[in-house]
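# Report on the structure
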Protein chains: 8
Amino acid sequence: MELNEVIITKAIIDRYYEKLSKNIETDVAIVGGGPSGLVAGYYLAKAGKRVALYERKLSMGGGVWGGGMMFNEIVVQESAIHILDEFGVKYRKYQDNYYTSDAVETAATLTAKAVQAGVAVFNCVSIEDVMMRTDRIIGLVLNWSPVEMAGLHIDPLAVRTKFVIDATGHAVEVVRVVFAKVPGRLLTDSGKIEGEKSMWSEKAETLTLENTKEVFPGLYVTGMLPMPHLVDPGWARFLGACYFREKRWRSYY
Amino acid sequence: MELNEVIITKAIIDRYYEKLSKNIETDVAIVGGGPSGLVAGYYLAKAGKRVALYERKLSMGGGVWGGGMMFNEIVVQESAIHILDEFGVKYRKYQDNYYTSDAVETAATLTAKAVQAGVAVFNCVSIEDVMMRTDRIIGLVLNWSPVEMAGLHIDPLAVRTKFVIDATGHAVEVVRVVFAKVPGRLLTDSGKIEGEKSMWSEKAETLTLENTKEVFPGLYVTGMLPMPHLVDPGWARFLGACYFREKRWRSYY
Amino acid sequence: MELNEVIITKAIIDRYYEKLSKNIETDVAIVGGGPSGLVAGYYLAKAGKRVALYERKLSMGGGVWGGGMMFNEIVVQESAIHILDEFGVKYRKYQDNYYTSDAVETAATLTAKAVQAGVAVFNCVSIEDVMMRTDRIIGLVLNWSPVEMAGLHIDPLAVRTKFVIDATGHAVEVVRVVFAKVPGRLLTDSGKIEGEKSMWSEKAETLTLENTKEVFPGLYVTGMLPMPHLVDPGWARFLGACYFREKRWRSYY
Amino acid sequence: MELNEVIITKAIIDRYYEKLSKNIETDVAIVGGGPSGLVAGYYLAKAGKRVALYERKLSMGGGVWGGGMMFNEIVVQESAIHILDEFGVKYRKYQDNYYTSDAVETAATLTAKAVQAGVAVFNCVSIEDVMMRTDRIIGLVLNWSPVEMAGLHIDPLAVRTKFVIDATGHAVEVVRVVFAKVPGRLLTDSGKIEGEKSMWSEKAETLTLENTKEVFPGLYVTGMLPMPHLVDPGWARFLGACYFREKRWRSYY
Amino acid sequence: MELNEVIITKAIIDRYYEKLSKNIETDVAIVGGGPSGLVAGYYLAKAGKRVALYERKLSMGGGVWGGGMMFNEIVVQESAIHILDEFGVKYRKYQDNYYTSDAVETAATLTAKAVQAGVAVFNCVSIEDVMMRTDRIIGLVLNWSPVEMAGLHIDPLAVRTKFVIDATGHAVEVVRVVFAKVPGRLLTDSGKIEGEKSMWSEKAETLTLENTKEVFPGLYVTGMLPMPHLVDPGWARFLGACYFREKRWRSYY
Amino acid sequence: MELNEVIITKAIIDRYYEKLSKNIETDVAIVGGGPSGLVAGYYLAKAGKRVALYERKLSMGGGVWGGGMMFNEIVVQESAIHILDEFGVKYRKYQDNYYTSDAVETAATLTAKAVQAGVAVFNCVSIEDVMMRTDRIIGLVLNWSPVEMAGLHIDPLAVRTKFVIDATGHAVEVVRVVFAKVPGRLLTDSGKIEGEKSMWSEKAETLTLENTKEVFPGLYVTGMLPMPHLVDPGWARFLGACYFREKRWRSYY
Amino acid sequence: MELNEVIITKAIIDRYYEKLSKNIETDVAIVGGGPSGLVAGYYLAKAGKRVALYERKLSMGGGVWGGGMMFNEIVVQESAIHILDEFGVKYRKYQDNYYTSDAVETAATLTAKAVQAGVAVFNCVSIEDVMMRTDRIIGLVLNWSPVEMAGLHIDPLAVRTKFVIDATGHAVEVVRVVFAKVPGRLLTDSGKIEGEKSMWSEKAETLTLENTKEVFPGLYVTGMLPMPHLVDPGWARFLGACYFREKRWRSYY
Amino acid sequence: MELNEVIITKAIIDRYYEKLSKNIETDVAIVGGGPSGLVAGYYLAKAGKRVALYERKLSMGGGVWGGGMMFNEIVVQESAIHILDEFGVKYRKYQDNYYTSDAVETAATLTAKAVQAGVAVFNCVSIEDVMMRTDRIIGLVLNWSPVEMAGLHIDPLAVRTKFVIDATGHAVEVVRVVFAKVPGRLLTDSGKIEGEKSMWSEKAETLTLENTKEVFPGLYVTGMLPMPHLVDPGWARFLGACYFREKRWRSYY
């Protein structure tokens, strides 16, 4: 049967225009398409929220694809296994409390399930700035990341949202932008972005809970703030997203 | 409960060593983790073959993630819909014979399902050379792609396989290596890599069938050879893999 | 009065979507936003044709902005002065037959007037390929140029058109793509892209007329083909476009 | 008729030499060829001042060409529409108070009209330093921007002027140079370059008025100082230039 | 006799896996494969300790290979000659107290003898972070250096060790990471990384002794801390390692 | 005791000047400091010849350091074990006919022993050209490789030699220079550089013997010519050098 | 006494404009500011010709500055000593027939004397093309080299001349441009650019004479054509220029 | 007569070795081969001092070659004309107190005359560090600049000198190194490197005198310290060097 390139082009443009228009105003805007962003997005979309997720790169999954040092396996502890079950990621027991899963399968499955749950993903998009009202974040200022990579001078566009989740991991990109505007007023103990503390893994669970929190009115981070260089082969991030959903999100949202 | 970094490191190394060792000899080695490589791998693994897939990049999914011009939707024609059904990718009808699906969901789902079907994926790996016997390809010569990117002089390693599928798309990377060794002896009409022919979409289906074939003893390409710049927003590649399975593979393998 | 970013974003997206959708099928597609492309587009749009113009760079005007060696003035000969008059570009007489105009004003005015005449300009867009039917060009395959600059693997989109004008100057980018597909079949004397011939200016006028022609069914070039390194401080290009309109276009279109 | 390259070369050199020599001393030197620089230059030249405008890039128009995220349309609010009317830029109403215009047409028209009004534009020129007398800026120190891009060690040249307008937008390039020389003595509230404050659009108009001011004796900025990342799809800049002309310039100049 | 690539690949993978697994927990981890790291490793391995050495580059030997200004000879003073004797490096007397040896031979011999003494060398590996417990360094966080060079986002792996020696010379890479986590608490006089002090050679011996010390519980540096730009054509480093062994290590370990 | 930088500088300059002056005329000049160059140099120096070895990089050892894919072990077959014994490299049996050694130890030991045997190594030196007489190579034209890397225009220097060994492996850098001067006159079967032939390992031994030969009067290659992408984890190169010495060199030299 | 920047700027612009205008038509245009270009220019200017010299780099002197391998001395043979005498370069006898001079002094003196003799030097200028009439070169097409380095699209300017000397050495840049336009019609034996022939120095004198000749009507090269990689530490180039003047120029000019 | 490459190579190496050895200890070491370094070197060498000059680039002359904005002329005021007379640079009067000279001739003549006066120039050499004794600079630590450009890890060499002149202009490279070692102890008013002060030209003469001084025991700067961006088209630098000689040097040296 005859195929028509014009229809193909029209179809792609129409569908994208529809997706883009529908997400100029959302309930939650997630920045970063790594595991914590995907897991958070999945649960929020499943709960009926309108969720848009912005990822700078072309592909999703963040650092999970490479496992540890390109050995593409990841380790998950017992308490986070229920998340793998929820997403349908296969795993094998290594020894008590330690399970492994294939890094490639995990990255892909988290992504696939988040979209299927309703998360609208915008890849190749970077965050240039945030929109604020008197002491509350109310939106994001976006641009194509290839524009940024090519060093072109092209203005961004703005989208509104009720809540922003900074899921960019150690980079805390959104938090840094906010902090530059209101130095000293973050909702952390010091009011600042907390410094690097090299921790041991057994404390990570507790810390992940402590640090998955609202750091500025309307802005959340997913459990990564004070652990910039934690040895985390994947598992801590699930935890972050998991407790995020169970303990904290419930109370705020 | 206490977590031990040494166990995490051991677990990752052990699992990867196991996966790597098991795949030094395979039934099929697929080069390229885009849609045609993933779909081909999926059906072959499902049929009980031992399949290893090598992808140069960190992430899988090839060019699907970006849809057309970063408008992240893809178009699939009716005759390929059964593949989306097989993988569980959601789609919407645009008009008769034209369906759209989310590009991000599609890329991720193809990847996830291929691994779950049994394909062993080695990402961050590039192909430096092939191993040949008298006129038959019998293996691949691998290296880490970051080694290549960093321009370091480090020797590769070799793996054996019964069949190689070149799923690198228009680049036909493996075919080029073989052609450089045995100029004029490819199993194409001219014996050479066939030139660029800008085609229209309605002929693509037929051509995809014609060109998903064995181009050298032991070496297959997935329907892309004579269509280097076809306007293919994803669908042609499914077809390639699909017919590949149904019509050709059956007879050769 | 209150301004709303969401409305601003919506307005921009809606208007662009409208412009993009309307130009998936056009009468003429011009590649290259330098002077010959702009002048050709202006006259064609003024004649009621639907014209889309694709420019790889962010800004229009090509090499005119810099005059000669960054001395931002250009020289126009008497026979092309009527084009400056048509566009409203100011000029001064230098000596008999030689006039000068400000390079910046000229580049900007040609651009402004072309758009006002109805040319739909798509900047930051590069041509990846052409669509062909049996020996006729029927469309272009586009991508964002920042995607190309960033080296990302993202598929293009296709647009249809009745005629293509290659106004990329010495690069003859579209002609090269076509030539790679049908070597030896260009409508030039040799059937090939004609080689470099360093000419003197007094012959340029005649040559510009000779070479503004149809080089393949559906594909025109604007008077630049055999003069890759002509000393042309702007004036030859006007001529090209001018005669293009008067003598040739009339007969073909 | 015979054309002579030597005459063409002579004509270009003579005209540029004339333009350059005439502008070694000016009334106003504008740095930056974006919309606010062009609009300011237009009104000043129209008022009979000798105005030179220096732009680092080859082309003029700044960030306007790309609209928002390469969607090449811009939005203008009602109160700035009279500027579009003054320049002859076409626009369409989107909804009450919001109008759109083609980004390419707008960039080109502002440029063309500024030059026609008498602004002498020097493109490919960057500002290396300023000339100062006891607490007053009295000139600029220029170089070719390609020299800067090529990293060559070549000395600059100096030009004198009565007033300097820093129209480089968020970069405030001239202000930074001055501030480095006289830290703490800018005519802002703090005496420093004021920090980043993410604002909402409805306050922008007021702020643009507040911040289009003299920040050091002889040095003006065009309404951009405290709004480095404002979501401004073009309109704010017109306002800046507009009120600049109406309210402030009048009193100082 | 027939050779089998699969056996070759298996042999390499098996031996490396064995070496890697055995060194996830060590007595001493040395960072930096220059002369001081190699000499320290040699003596420690000879004393029966399990020693792993991590080097960012592909080759070992650090700055020794190039002698001074690519004149590939080095100078050693009398008091360090016994180290050359221990390793079997040939030398010639230049004048009283000054001996020279071939730079290439020296670099290679130090490396060869260190491995033969039992040091497990991991080249192409960089240190991303350290593992700490309450005020004691207990391990290193590693990644492939080509991953770092290629700018890929891939997680590291962790290894445990009783003691870490920072032998990265003036860079003191490990010390910097620790200092960023516990500012002000290094075991130096100031509690900080001590600043640059350009010294003369005759004081270097004493200083090398003074500065080869424990700078944080579990972390040693090899005599380089306060001498960032000393004119040291190799000899000072031997001294550092030498006295390190004789005077200090004995008391701590 | 007091140390004097001036004496250190003098010592290094004097020793290097002496080494350089002594090697302006040599018996053999080896290009490439990888295993085959080092082994060939070792045996020739041991036999009393004056040997200079030029290596482009700062360090010696070529591709051996990285083993296979950064797994730093190499495999040696039984027939080459006597070379490891000669140099004193430790090895372990993997299975019949296959032995492994540490890649780092091997690279370092080959280098150290070659210098101790009398090879004068000039690292950071690249070959720009060769000196020829009527159909015989009689010298090399050298430059600092950092000069080449920095793209500076600096003339080279020439050295004379009786024989040149091209030990640059697959690159055959010297052979290519000679071939460009006397196309078709190499002493190979075709008179040309022989093309790429992907071989299997069991044929490598024979081929290494066949191809370690004189390819032009005065110019030898070390067994690599027709095997550009052989899977050679080190052992083939030893063989090359070994038989080189035993069978061929004897007859020519 | 008061200094005025405006006068300084005016003075520089006026003088340069004067120099540039005067050289739009010349007797001889030399391309390349290395020793052969400078020497040729010196003698021609001294003979009363109007000579312009174009050099791509900022500084003159070409490869002389670095001597051999950055050892900044050059060697001159007896028969060329009279040129050093003519320019006033100091030299010392090394042994019979071999003299040395300081490379820095030589490069600078050749440059200084050429300008003093009347050569108009335009540095930072590259040659984009040539102007030709029926089989005769009649001019050059110039651009700023920083424009080329910065990759900007800016048109060139043309200058006329009676004769062109290609003194770009092995690159023969002008000859290549001409050859691309009239393949096979150079005045060499083959009609082509002659291939690389590695020669010995004692034949260089003869060859330099042979090859300093007219290779196309109006176009000369300075004795370098067939000796692309000659070991020439400076002296051959003087010879070239010298005999150029004495034997050939006389007959043609 | 026969020429021998070996003699040529030997001659260059011998002469350079002699020059290098003789300058390991000097009276004055000048850093930077621009006009002030050359002029200072000239007068000092003429006065019988042993002077070495180190220049990072291949060519000498610094920023003089390019005149102002590549318009290669420079302006000299009356009071500095005697320096041009001393060196034999030709100049023309522009108007009272303002003279112009050719930039290329000036750069080359200053260089030629400095070497002829006895300055030993080492080009392609950069300064890595300084040697100090208790509060006095006593030498420099050198490396090849291509080594630095190529990013290689190669140790430097040290040379001794009685006095160092930092003639690197605005960069004050040596002063910065010293300041980093002894913060706050420079012999300036503040004890620090004095900040940027944009001055007018008529004050430059006085300032040049004030600032050509000893800034640390043994370390001088040539009149540039407080004028980093002065509009100095060459003349100020002569002055600096001139008065340097006449007023200050006499008293210190």
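Residues numbered from 1 in each chain as written. Chains lettered and ligands numbered in written order. Predicted model: local features only at pLDDT ≥ 70, side-chain atom pairs only at ≥ 80, totals over all residues. Heavy atoms only, no water.

### Section: the overall build of chain A
The cut-off we apply is this: Secondary structure elements are taken from DSSP: a helix is a run of H or I of four residues or more, a strand is a run of E of two residues or more, and numbering for both begins at the N terminus. When accessible area is computed with a 1.4 Å probe and restricted to protein chains, residues below 20% of their type maximum are described as buried, those above 50% as exposed, and intermediate ones as partly exposed. We call two residues in contact when some of their heavy atoms are within 4.5 Å. Using a 1.4 Å probe, the Shrake-Rupley method yields the accessible areas, and only the shown protein chains count as cover for residues.
Along the backbone of chain A there are 8 helices and 11 strands. A total of 253 residues make up chain A; the buried ones form 68% of that total. Pairs at least 24 apart in sequence give 65% of the contacts found in chain A among residues at least 6 apart. Carbon and sulfur atoms make up 50% of the accessible area of chain A, which amounts to about 7700 Å² in all.

### Remarks on the confidence of the model for chain A
Residues and elements named next belong to chain A. This is how it is decided: What pLDDT conveys is the predictor's confidence in a given residue, as a value from 0 to 100.
Residues with a pLDDT of 70 or more make up 77% of chain A, whose mean pLDDT is 79. Long-range and interchain partners of residues 224-253, a stretch whose pLDDT sits below 50, account for 104 contacts in this model, where long-range means more than four residues apart. As a predicted assembly, this complex carries a pTM of 0.90 together with an ipTM value of 0.87.

### Topic: the relation of the copies chain C and chain D
For clarity, the threshold we go by: Residues reaching a pLDDT of at least 70 in both copies supply the C-alpha atoms on which the copies are superposed by least squares.
By a simple turn and slide, chain C fits onto chain D: the slide is 0.0 Å along the axis, the RMSD is 0.0 Å, and the turn is 180°. When the rotation and shift are considered jointly, the pair of chain copies conforms to a two-fold rotation axis. Looking at the rotation axis and the C-alpha trace of chain C, the residue lying nearest is A108 of chain C, at 2.3 Å.

### Let's talk about unusual backbone geometry
The phi angle at M70 of chain B is positive, at roughly 70°, despite the residue not being glycine. Residue C124 of chain F is not a glycine yet carries a positive backbone phi of 60°. Structurally, the position occupied by C124 of chain F is in the loop between β6 (120-123) and β7 (125-133).

### Quick notes on the interface of chain C and chain D
We count it as follows: Note on definitions: buried area is the accessible-area loss of two parts on being combined, 1.4 Å probe, summed for both. A pair is scored as a salt bridge if a Lys or Arg side-chain nitrogen falls within 4 Å of a carboxyl oxygen belonging to Asp or Glu. Any pair of nitrogen or oxygen atoms within 3.5 Å is treated as a polar contact; in protein, a donor-acceptor pairing is required on top of that, and neighbouring residues in sequence qualify only through side-chain atoms on both sides.
Across the contact, 58 residues belong to chain C and 58 residues belong to chain D. Taken over both partners, the interface formed by chain C and chain D buries close to 5900 Å², and the fraction arising from carbon and sulfur atoms is 64%. At the junction of chain C and chain D, the tally comes to 6 salt bridges. D102 of chain D is the salt-bridge partner of K19 of chain C, the closest N and O atoms lying 2.7 Å from each other. Summed over the shared surface of chain C and chain D, the number is 27 residue pairs in polar contact (both at pLDDT 80 or more). Element by element, the count of residues in the side of chain C that touches chain D is highest for helix α1 (residues 5-22) of chain C, at 12 residues.

### Digging into the state of the cysteines
The cut-off we apply is this: We call a pair of cysteine sulfur atoms a disulfide when they lie within 2.5 Å.
Considering all chains together, one arrives at 0 disulfides over all chains under this definition. For C124 of chain C, which is in no disulfide, the shortest distance to another cysteine sulfur is to C124 of chain A and amounts to 15 Å. Under the relative-accessibility criterion, C124 of chain C is labelled buried at 1%.

### Some thoughts on the pattern of salt bridges
Enumeration according to the criterion identifies 72 salt bridges over all chains in this entry. Of the charged contacts, one joins R56 of chain C and E173 of chain C as a salt bridge, the two residues approaching to 3.0 Å between their closest N and O atoms. Remark: E173 of chain C occurs in helix α6 (residues 173-181) and R56 of chain C occurs in the loop between β2 (51-55) and β3 (73-77); sequence separation between them is 117 residues. The partly exposed category is assigned to R56 of chain C, whose relative accessible area is 31%. Classification of E173 of chain C as partly exposed rests on a relative accessible area of 28%. Among the charged side chains, a network of salt bridges with common partners joins K19 of chain A together with E73 and D102 of chain B.

### Structural notes on the sheet that holds strand β4 (residues 92-95) of chain A
Condition: The pairing criterion is simple: DSSP has to find at least two bridges between the two strands. The axes are straight lines fitted to the C-alpha atoms, using for helices just the contacting stretch, and the angles between their N-to-C directions are given from 0 to 180°.
Taken together, the 3 strands give an open sheet; going across it, the order is β3-β5-β4 (chain A), and neighbouring strands pair in antiparallel fashion. Looking at the sheet topology across the chains shown, the edges are occupied by β3 (73-77) and β4 of chain A. Pairs of neighbouring strands in the sheet enclose a mean axial angle of 40°, with direction left out of account. Note: β4 of chain A against strand β5 (residues 98-102) of chain A, 3 bridges, orientation antiparallel. Within the sheet, the bridge partner assigned to Q95 of chain A lies in β5 of chain A and is Y98 of chain A. Here helix α4 (residues 103-117) of chain A sits on the sheet in contact with β3 and β5 of chain A, set at roughly 75° to β5 of chain A. In the packing of helix α1 (residues 5-22) of chain B onto the sheet, the strands contacted are β3, β4 and β5 of chain A, and the crossing angle to β4 of chain A comes to about 130°.

### Brief notes about the packing of aromatic side chains
Note the following rule: Between 30 and 60 degrees the pair is tilted, below 30 it is stacked and above 60 it is edge-to-face, where a pair is any two Phe, Tyr or Trp rings, Trp via its six-membered ring, whose centres lie within 6.5 Å.
The tally for this structure, following the rule as stated, stands at 84 aromatic pairs over all chains. Summarising the aromatic geometry, the rings of Y54 of chain C and F122 of chain C are spaced 5.6 Å apart at their centres and angled 20° between planes, so their arrangement reads as stacked. Taken as a pair, Y54 of chain C in strand β2 and F122 of chain C in strand β6 (residues 120-123) lie far apart in primary sequence, 68 residues in all. Classification of F122 of chain C by relative accessible area gives buried; the value is 2%. Centroid distance Y17 of chain F to Y17 of chain H: 3.8 Å. Interplanar angle 0°. Geometry classified as stacked. Residue Y17 of chain F is found in helix α1 (residues 5-22), and its partner Y17 of chain H is found in helix α1 (residues 5-22); the two belong to separate chains.

### Considering helix α1 (residues 5-22) of chain E
Residue and element names in this part refer to chain E. To keep it simple, the criterion reads: Here the expected length of a helix is defined as 1.5 Å per residue gap, with one fewer gap than residues.
Taking 1.5 Å per residue, 18 residues should reach 26 Å; α1 reaches 26 Å between its end C-alpha atoms and fits that length. Among all positions in α1, only E5, V6, I7, I8, T9, A11, I12, I13, R15, Y16, K19 and L20 are buried. The N-cap residue of α1 is N4: its side-chain oxygen and the backbone nitrogen of V6 are 2.8 Å apart.

### Some details on the sheet that holds strand β5 (residues 98-102) of chain C
An order of β3-β5-β4 (chain C) is seen for the 3 strands of this open sheet, with the pairing classed as antiparallel. Bordering the open sheet on either side are β3 and β4 (92-95) of chain C, each of which pairs with just one other strand. The sheet shows a mean angle of 40° between the axes of neighbouring strands, direction not considered. Packed on one face of the sheet, helix α1 (residues 5-22) of chain D meets β3, β4 and β5 of chain C and runs near 130° to β4 of chain C.

### What about the pairing of strand β11 (residues 219-222) of chain H?
The two faces of a sheet get side chains in turn, since along a regular strand they alternate between them. Residues and elements named next belong to chain H. Burial along β11 is two-sided: the residues L219 and V221 and Y220 and T222 are all buried. Both strand β9 (residues 157-166) and β11 contribute to a ladder of 3 bridges, which runs parallel. Opposite D166, over in β11, you have V221 as the bridge partner.

### Here's the deal with the packing of α1 of chain D against helix α1 (residues 5-22) of chain G
If you want to describe how two helices pack, look at the angle between their axes and the distance between the axes. Let me state the cut-off plainly: Our angle categories are set so that under 35 degrees counts as roughly parallel, over 145 as roughly antiparallel, 65 to 115 as roughly perpendicular, and the remainder as oblique. In this classification, Asp, Glu, Lys and Arg are treated as charged, Ala, Val, Leu, Ile, Met, Phe, Trp, Tyr, Cys and Pro as nonpolar, and every other residue, Gly included, as polar.
The N-to-C vectors of α1 of chain D and α1 of chain G enclose an angle of 175°; their axes lie 11 Å apart at closest approach. Between α1 of chain D and α1 of chain G, the interaxial angle falls into the category roughly antiparallel. Along the contact surface, α1 of chain D presents K10, I13, D14, Y17, L20 and S21 of chain D, while α1 of chain G presents K10, I13, D14, Y17, L20 and S21 of chain G. Looking at side-chain class alone, the contact of α1 of chain D with α1 of chain G contains 6 nonpolar, 2 polar and 4 charged residues.

### Some remarks on the pairing of strand β2 (residues 51-55) of chain B
All names here are of chain B. Judged by how many residues are buried, β2 sits mostly within the fold: 5 of 5 residues are covered. Alternating positions in β2 separate into two faces, V51, L53 and E55 on one and A52 and Y54 on the other, with burial throughout. Of the pairings in the sheet, the one linking strand β1 (residues 25-31) to β2 comprises 4 bridges and is parallel in character. Paired with V31 across the two strands is Y54, which belongs to β2. Judged from the 4 bridges that link them, β2 and strand β6 (residues 120-123) form a sheet pairing that is parallel. Note that in β6 the partner of Y54 across the bridge is F122.

### Some words on the environment of G66 of chain H
If you trace the backbone, G66 of chain H turns up in the loop between β2 (51-55) and β3 (73-77). Separated by 38 residues in the primary sequence, G66 of chain H and V104 of chain H place their C-alpha atoms 7.7 Å from one another. Contacts of G66 of chain H, omitting those with residues within four sequence positions, involve I154 of chain D, L58 of chain G together with F71 and N72 of chain H.

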